[in-house]
Amino acid sequence: MNTAASNPAFRTAIVPAAGLGTRFLPTTKAVPKELLPVVDTPGIQLVATEAAEAGAERLVIVTSPDKKAVTDFFQPAPELERTLRDRGKDALLDKVRRAPELIKAETALQHEALGLGHAVSCAEDNLDAADDAVAVLLPDDLVLPNGVLSKMAETRARHGGSVLCAFDVPREQVSSYGVFDVADTDEDDVKQVRGMVEKPAPEDAPSSFAAAGRYLLDRAVFDALKRIEPGAGGELQLTDAVALLISEGHPVHVVVHRGARHDLGNPGGFLKAAVDFALDDPEYGPDLRNWLGARLNRS
């Protein structure tokens, strides 16, 4: 369990993980995408670590009934632990214990894939009166280095309302993202949000600040999710709920993160993340760096 002092801005992190992982088929017929390892650590553990380091005490994994393995990953494995201990494999034992000791994980079920807003709403019954705000972390997004959630919590403490994460992307790439319409504040990398445009043409984009998969949402978002209309395919979009809150005077800000980002939602992005993490690993990095150099120089 996380022993750090809890951040007063939130104690619960929601991770939507009910998707089919179609871009990773056929592997995801049997293995949830969230458990695919980035080197030797599942992506969802990396996201849970980020949440715990920011003060979260509880992880609510929104998943489908046939993906129980995602939550089981955060439970102790006494027989495996005993075997490793008896064999003197202390380093492996520490790795196996890391996720269960990191954070308390529980499940909220999403029986139909009806959009990110619907997934977040499925976690409402897991909350209690102490949850004035919740963090939402998309497991496909690795936002590096860890720390943006803490900055978002500081921003909420100062401005109130809800806080989202943004990256400053090249103008020619904005058509791949949701893009914020913002106004400056007295902090360079904190912007007030006036609205949001989904995948605009570069010439029509209100800014170059694109949404990333990190949200710190006031509890009011759950009421807003009940009042928005479904879009295409009957999906409830989280951005529509945030837009409704903005229209009603709810303060919304973005923190512009100047670090790196990996997209674990497709095999190409997953490979980049694996190589990046492996190069920094003291066990695998040196050999991989030499191999890559030789491989790239091969005619």
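Up top is the structure these notes are about.
All residue numbers refer to position in the chain's written sequence, counted from 1. Local features in this predicted model are restricted to residues whose pLDDT is 70 or higher, and side-chain atom pairs enter the listing and the counts only when it is 80 or higher, whereas totals over whole chains, interfaces and linings include all residues. To get the side-chain values, take all heavy atoms of the structure and skip hydrogens and water.

A.B. asks: What is the right way to read the overall build of the protein from this model?
C.D. replies: Secondary structure counts use DSSP, requiring at least four H or I residues in a row for a helix and at least two E residues in a row for a strand, with both numbered from the N terminus. A count of helices and strands for the protein gives ten helices and 13 strands. Here the protein has a C-alpha radius of gyration of 20 Å; the compact-globule value for 299 residues is 19 Å, and the two agree. Seen along its three principal axes, the alpha-carbon backbone of the protein occupies a region of about 60 × 55 × 40 Å. The buried share of the protein, taken over its 299 residues, is 48%. Sequence separation of at least 24 residues holds for 76% of the intrachain contacts in the protein that already meet a minimum separation of 6. The Shrake-Rupley method, run with a 1.4 Å probe, gives the accessible areas here. Residue values count only the displayed protein chains as cover. Of the roughly 14800 Å² of accessible surface on the protein, a fraction of 51% belongs to carbon and sulfur atoms. Charge convention: Lys and Arg are scored as positive, Asp and Glu as negative, and His as well as the terminal groups of each chain are ignored. A single reference atom marks each charge: NZ on Lys, CZ on Arg, CG on Asp, CD on Glu. Taking the average location of the 32 positive side-chain charges in the protein and that of its 46 negative ones, the two points are 5 Å from each other. When we talk radius of gyration, it's over C-alpha atoms, and the globule rule is simply 2.2 Å times the number of residues to the 0.38. Burial classification: accessible surface area is computed with a 1.4 Å probe over protein chains only, and a residue below 20% of its type maximum counts as buried, one above 50% as exposed, and the rest as partly exposed. Here, two residues are considered to be in contact whenever any of their heavy atoms come within 4.5 Å of each other.

A.B. asks: What exactly am I supposed to notice about the nonpolar core here?
C.D. replies: Within soluble globular proteins, side chains that are nonpolar tend to cluster in buried spots. Nine residue types can take part in a nonpolar core, namely buried Ala, Val, Leu, Ile, Met, Phe, Trp, Tyr and Cys, and a core is a set of them joined through side-chain atoms within 4.5 Å. Leu 59, Phe 74 and Leu 216 are the most contacted members of the largest nonpolar core, which has 49 residues in total. Looking at this core, the element that brings in the most residues is helix 1 (residues 43-53), giving six residues. Beyond its immediate chain neighbours, meaning those up to four positions away, Leu 59 contacts Ala 13, Val 15, Ala 48, Phe 74, Ile 103, Lys 104, Ala 105 and Glu 106.

A.B. asks: Just to check I follow, could you spell out helix 4 (residues 90-102) for this structure?
C.D. replies: Residues three or four positions apart in an α-helix share a direction because the helix packs 3.6 residues into each turn. Under the convention used throughout, the expected extent of a helix is 1.5 Å for every residue step, that is, one less than its residue count. Taking 1.5 Å of rise per residue, the 13 residues of helix 4 would be expected to cover 18 Å, and the 18 Å separating its terminal C-alpha atoms lies within 8% of that figure. A residue's bend is the angle separating two fitted axes: one through the seven residues that end there, the other through the seven that start there. Val 96 marks where helix 4 bends most, by close to 30 degrees; the proline Pro 100 follows one to four residues later. If you check which residues of helix 4 are buried, you get Leu 93, Ala 99, Pro 100 and Leu 102. Tucked inside the fold, the buried residues of helix 4 contact helix 1 and helix 3 (78-86).

On their own, these measurements won't tell you what the molecule is for.
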